[in-house]
Amino acid sequence: MADEALRSQVRQWIAEAPRIAVLTGAGMSAESGVPTFRDALTGLWARFNPEELATETAFRAHPQRVWAWYAHRRAALVQVAPNAGHLALAGFALRHPGRLTLITQNVDDLHQRAGLVDTIALHGSLLDDRWLDPPRTCCHIEPIQDGEPPSCPVCGNLRRPSVVWFGESLPSAALAAAEAAAHDCDLMLVVGTSGVVYPAAGLAFTAHQHGARVAIINPEPSDLDPVADVCLRELAAQSLPPLLETS
Ligand code: OAD
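For the structure given in this document, a descriptive report is provided here.

Rules used throughout
Residues numbered from 1 in each chain as written. Predicted model: local features only at pLDDT ≥ 70, side-chain atom pairs only at ≥ 80, totals over all residues. Heavy atoms only, no water. Helix = DSSP H or I, 4+ residues; strand = E, 2+ residues; numbered from the N terminus. Expected span 1.5 Å × (residues − 1). Buried < 20%, exposed > 50% of the residue type's maximum accessible area, 1.4 Å probe, protein only. Polar contact = N/O pair within 3.5 Å; in protein donor to acceptor, adjacent residues only side chain to side chain. Pairing = 2+ DSSP bridges. Contact = heavy atoms within 4.5 Å. Axes fitted to C-alpha atoms, helices over the stretch in contact; angles between N-to-C directions. Phe/Tyr/Trp six-rings, centres within 6.5 Å; stacked < 30°, edge-to-face > 60°. Near = heavy atom within 4 Å. Nonpolar A, V, L, I, M, F, W, Y, C, P; charged D, E, K, R; others polar. Domains from an automatic or database assignment. Salt bridge = Lys/Arg side-chain N within 4 Å of Asp/Glu carboxyl O.

**As for helix α6 (residues 84-95)**
Working step 1: Compared with the 16 Å implied by 1.5 Å per residue over twelve residues, the 16 Å span of α6 between its first and last C-alpha is a close match.
Working step 2: Taken residue by residue, α6 has Gly85, His86, Ala88, Leu89, Ala90, Gly91, Phe92 and Ala93 as its buried positions.
Working step 3: With a side-chain oxygen positioned 2.7 Å from the backbone nitrogen of Gly85, the residue opening α6 is Asn83.

**Quick look at the sheet that holds strand β8 (residues 230-232)**
Working step 1: Spatially, six strands are ordered β3-β2-β1-β6-β7-β8 in an open sheet, and the strand pairing comes out parallel. Strand pairing shows two members of the sheet lacking a second neighbour, β3 (120-121) and β8, which therefore form its edges.
Working step 2: Note that strand β7 (residues 213-217) and β8 share three bridges and pair parallel. Within the sheet, the bridge partner assigned to Ile217 lies in β8 and is Leu232.
Working step 3: Strand contacts of helix α10 (residues 236-244): β6 (187-191), β7 and β8, with the helix running at about 135° to β7, the strand carrying the most contacts.

**Some points on the packing of aromatic side chains**
Working step 1: Using the criterion set out here, one finds seven aromatic pairs in the structure.
Working step 2: Arranged with centres 5.7 Å apart and planes meeting at 20°, the rings of Trp45 and Trp69 form a pair that is stacked. Taken together, the residues span a long stretch of sequence, with Trp45 in helix α2 (residues 44-47) and Trp69 in helix α5 (residues 63-77) at a distance of 24 residues.
Working step 3: A residue is classified by how much of its surface remains accessible, and Trp45, at 19% relative accessible area, is buried.
Working step 4: Residue classification places Trp69 among the buried positions, given a relative accessible area of 8%.
Working step 5: Ring geometry for Tyr70 and Trp165: centres 6.1 Å apart, planes at 55°, overall tilted.

**Quick notes on the side chain of Thr193**
Working step 1: Mapped onto the elements, Thr193 comes out in the loop between β6 and α9 (202-209).
Working step 2: Thr193 sits in the buried class, given a relative accessible area of 8%.
Working step 3: At 3.0 Å, the side chain of Thr193 and the side chain of Gln105 are in polar contact.
Working step 4: With residues near it in sequence (within four places) discarded, Thr193 still touches Gly25, Gln105, Asn218, Ser222 and Leu224.

**Topic: the site of the ligand**
Working step 1: Neighbouring the ligand are 23 residues, the closest being Ala26, Phe37, Arg38, Thr193 and Ser194.
Working step 2: The separation between a nitrogen atom of the ligand and a polar main-chain atom of Ala236 is 2.9 Å.
Working step 3: Looking at the shell around the ligand, its residues break down into ten nonpolar, nine polar and four charged.
Working step 4: Mapping the shell around the ligand onto the domain boundaries places at least three of its residues in each of domain 1 (3-33 + 81-123 + 169-244) and domain 2 (35-79 + 131-163).

**A closer look at the side chain of Ser29**
Working step 1: Here Ser29 lies in the loop between β1 (20-24) and α2.
Working step 2: Residues within four places of Ser29 in sequence aside, it is in contact with Val34, Asn83, His86, Asn106, Asp108 and Leu110.

**A look at the pattern of salt bridges**
Working step 1: All chains considered together, the criterion is met by ten salt bridges.
Working step 2: Asp186 is the salt-bridge partner of Arg19, the closest N and O atoms lying 3.4 Å from each other. A residue pair is termed long-range when its members are at least 10 positions apart, and Arg19 in the loop between α1 (3-16) and β1 and Asp186 in the loop between α8 (172-184) and β6 qualify at 167 residues.
Working step 3: The exposure class of Asp186 is partly exposed, given its relative accessible area of 28%.
Working step 4: A salt bridge links Arg60 to Asp133; the shortest N-O distance between them is 2.7 Å. With Arg60 in helix α4 (residues 56-61) and Asp133 in the loop between β4 (124-131) and β5 (159-163), the pair connects residues that are 73 residues apart, well separated along the chain.
Working step 5: Via salt bridges that share partners, Glu4, Arg7, Arg11 and Glu234 belong to a single interconnected network.

Here you go:
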């Protein structure tokens with residue numbers, strides 16, 4: 001099918017599907033100016049070693065280095081805004097209460113800032129932090145020392161970014177809600193993810209296996225293409241508004 005025919009097919013599926021699940025990844029926010037992870041040259045994991053920055057072991061070994069990297073990413077979020085794709089998804093959800101479930105791997109809060117406050121954030125949020133070890137009764141946060149992660153002055157417990165690091169489990173309530181949405185949806189839109197990180201990527205397989213149509217929006221091939229009914233080789237912020245705003 002030609003591109004326009006594929007686009008109108010997806011538009012029709014969106015108009016008709018009683019339950020739509022949307023799974024987004026870093027490409028969703030690329031046009032807002034947030035770097036992806038695996039794009040050659042510009043992706044974060046092309047420039048930084050995840051084992052040195054995105055594991056509990058790395059944080060325990062070099063808390064200041066890891067905290068500083070997350071603080072830098074957190075500060076960068078102040079400069080960015082939801083793009084037309086985030087706004088189109090939020091607008092659709094507002095016009096069609098209860099039809100769209102947004103599941104994101106992103107930690108940038110841009111879906112929530114666009115108005116989708118019910119977004120299922122599988123990998124946590126860059127804007128939050130939490131205790132590294134289970135908090136004791138003594139635990140309280142002292143004013144932040146320059147560049148250091150805040151810590152409890154009594155026992156030394158450290159605050160850490162509230163994101164999911166490699167080797168860690170996803171928040172169980174978020175994962176359960178995402179799995180239910182993938183299982184029950186009639187259409188899944190997969191936007192801007194390479195589909196290499198599990199269990200998030202597995203949600204597209206769940207949707208497919210339970211009879212949902214799967215449409216991918218990504219300028220490049222992804223690991224989820226085999227379960228897609230349609231792949232639109234497009235950019236999220238350009239593609240989503242015309243697909244969603246007519247419904
Ligand atoms: P990746 O960096 O692995 O993949 C980003 C995808 O977005 C690629 O397939 C790009 O082709 C695509 N892309 C780039 N620009 C786009 C655009 N404007 N519109 C649509 N697509 C675009 O990012 P994720 O798949 O999100 O985990 O990575 C998954 C997880 O790996 C992340 O959540 C993160 C990382 O390690 C944690 O932080 C726990």
